[in-house]
Amino acid sequence: MTVNGISIGILGGTGDQGKGLARRFALAGHPVLIGSRNAGRAQEAADSIGSGARGAENAVVATEADLVIVAVPYDGHKALLESLRTELAGKIVVDCVNPLGFDKQGAFALPVEEGSAAQQAAAVLPDSRVVAAFHHVSAVVLMDPAVDKVDLDVLVLGDDREATDTVQALASVIPGVRGIYGGRLRNAFQVEALTANLISINRRYKAHAGVRVTDV
Ligand SMILES: NC(=O)c1ccc[n+]([C@@H]2O[C@H](COP(=O)([O-])OP(=O)(O)OC[C@H]3O[C@@H](n4cnc5c(N)ncnc54)[C@H](OP(=O)(O)O)[C@@H]3O)[C@@H](O)[C@H]2O)c1
């Protein structure tokens, strides 16, 4: 599977996660479109990334990009995707949203009516090819110019084989990263929830922990 030249749009690309992914994909030579609710903020974020990244409102990005990554907080996830159903029809939509709550004990997984954020995306985007991926990558690591190789596997889940193959190939353009198929979308909950464990690990060990799958 080759992903050479495909353009990548990022909804909520002005945030840490969106900018981090945008930076790595732009460095790998992909045209990158940063999305925002505000075109000016999107352009500012694109300028900070360089490498030809462009910024626009989320709806423009959803229309123009070949593949679209959703990198908004869980709070705004459903409403944003509902508003972009037409623009996202027929496209691979990659959801990296972790529905998490935080209290004195740290991070914990929130229940989601549809089962997971990724399944929520699939429910509101019946005409898109929803894939879940990039939940465990640290935005800090993605943005760090001292990190040449990102040391983790990206678990890629979905019900459309060609779409998961594409996203696995896309993950693998980031040096050090492997995209590993992680199952059907109905198993996305525990992948999203595992982020709460990684946050606990990060706090205890002052790390940016990732996951590696062995014997694959
Ligand atoms: N940070 C990480 O290391 C990391 C790692 C893996 C996965 N994730 C997941 O990636 C997603 C983004 O994380 P983040 O840390 O980048 O979050 P963030 O900075 O809080 O938000 C990202 C962007 O989303 C937009 N946004 C905020 N509220 C919105 C709403 N109600 N409706 C539509 N857009 C909204 C904002 O852009 P505008 O104001 O410009 O529209 C914001 O810059 C989260 O779901 C998180 O679970 C994060």
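A. Representation of the overall build of the chain in the model. When you go through the chain residue by residue, the secondary structure sums to nine helices and ten strands. Since a compact globule built from 216 residues should have a radius of gyration of about 17 Å, the 16 Å found for the chain is in line with a globular shape. With the C-alpha coordinates of the chain rotated into their principal frame, the extents come out at 40 × 40 × 35 Å. Across the 216 residues that make up the chain, the buried fraction comes to 52%. Put simply, 70% of the contacts in the chain that link residues at least 6 apart link residues at least 24 apart. Split by element, the accessible area of the chain, about 10,100 Å² in all, is 49% carbon and sulfur. Across the chain, the centroid of the 20 positively charged side chains sits 5 Å from that of the 24 negatively charged ones.

B. Broad picture of the sheet that holds strand 9 (residues 153-158). The eight strands lie next to each other as 3-2-1-4-5-8-9-10, forming an open sheet whose pairing is mixed. Every interior strand has two partners, whereas the edge strands, strand 3 (54-57) and strand 10 (178-183), have only one. Recorded for the sheet is a direction-independent mean angle of 30° between the axes of neighbouring strands. Pairing analysis gives four bridges linking strand 1 (residues 8-11) to strand 4 (residues 67-70), with the strands arranged parallel. Bridge pairing links Ile8 to Leu67 in strand 4.

C. Structural context of the site of the ligand. Thr14, Ser36, Arg37, Arg41 and Val72 are the nearest of the 19 residues found near the ligand. One of the backbone N or O atoms of Gln17 is found 3.0 Å from an oxygen atom in the ligand. Within the side chain of Ser36, an N or O atom sits 2.5 Å from an oxygen atom of the ligand. For the ligand, whose free accessible area comes to 890 Å², the fraction covered by protein is 73%. Grouping the amino acids of the shell around the ligand by side-chain chemistry returns eight nonpolar, eight polar and three charged.

D. Structural context of helix 8 (residues 161-171). Burial within helix 8 is extensive, with eight of its eleven residues counted as buried. Ala163, Thr164, Thr166, Val167, Gln168, Ala169, Leu170 and Ala171 are the residues of helix 8 that are buried. The N-cap residue of helix 8 is Asp160: its side-chain oxygen and the backbone nitrogen of Glu162 are 3.1 Å apart.

E. Region of interest: the confidence of the model for the chain. Mean pLDDT for the chain: 98, with 100% of residues reaching 70 or above. Looking at the elements of the chain, mean pLDDT is at its lowest for helix 7 (residues 139-143), recorded as 97, and at its highest for strand 8 (residues 129-132), recorded as 99.

F. Region of the structure containing the packing of helix 4 (residues 74-83) against helix 6 (residues 117-124). Where helix 4 contacts helix 6, the two axes come as close as 9 Å, and the packing angle between them is 15°. Between helix 4 and helix 6, the interaxial angle falls into the category roughly parallel. Crossing of helix 4 against helix 6: the hand is right-handed. Facing Tyr74, His77, Lys78, Leu81 and Glu82 of helix 4, the residues of helix 6 in contact are Ala117, Gln120, Ala121 and Val124. Tallied by class, the residues present in the contact of helix 4 with helix 6 amount to five nonpolar, two polar and two charged.

Rules used in this analysis
- For every chain, the first residue of the written sequence is number 1, and numbering continues from 1 onward in sequence order.
- Restriction of local features to residues with pLDDT of at least 70 applies here, the model being predicted, together with a cutoff of 80 or more for giving and counting side-chain atom pairs; totals for whole chains, interfaces and linings are based on all residues.
- Where side-chain values are given, they derive from all heavy atoms of the structure, hydrogens and water being excluded.
- Runs of E in the DSSP output that reach at least two residues are strands. Runs of H or I that reach at least four are helices, and both are numbered from the N terminus.
- Throughout, the radius of gyration refers to the C-alpha atoms, and the reference size of a globule is 2.2 Å times the residue count to the power 0.38.
- The buried label applies to any residue whose accessible area, calculated with a 1.4 Å probe on protein chains only, is under 20% of its type's maximum; exposed applies above 50%, and partly exposed to all values in between.
- Should any heavy atoms of two residues lie within 4.5 Å, those residues are counted as being in contact.
- Computed with the Shrake-Rupley method and a 1.4 Å probe, the accessible areas treat only the protein chains shown as cover for residues.
- Residues scored as charged are limited to Lys and Arg (positive) and Asp and Glu (negative), so that His and the chain ends carry no count.
- Note on charges: their place is set at NZ of Lys, CZ of Arg, CG of Asp or CD of Glu.
- The rule for pairing is simple: two strands pair if DSSP sees at least two bridges between them.
- Lines fitted to the C-alpha atoms define the axes, with helices restricted to the stretch that makes contact. Angles between their N-to-C directions range from 0 to 180 degrees.
- Distances are taken per atom, and a residue is near a molecule or strand as soon as one of its heavy atoms is within 4 Å of it.
- Pairs of N or O atoms within 3.5 Å make up the polar contacts considered here, provided that, within protein, one atom can donate a hydrogen while the other can accept it, and that residues adjacent in sequence are counted only when both atoms are side-chain atoms.
- Residues were grouped as follows: Ala, Val, Leu, Ile, Met, Phe, Trp, Tyr, Cys and Pro as nonpolar; Asp, Glu, Lys and Arg as charged; and all remaining residues, including Gly, as polar.
- On a scale of 0 to 100, pLDDT captures the predictor's confidence in every residue.
- Any angle that is under 35 degrees is reported as roughly parallel, and any over 145 degrees as roughly antiparallel; angles of 65 to 115 degrees are reported as roughly perpendicular and all others as oblique.
- In this scheme the handedness of a crossing depends on how the near helix is turned from the far one: anticlockwise by less than a right angle means left-handed, clockwise means right-handed.

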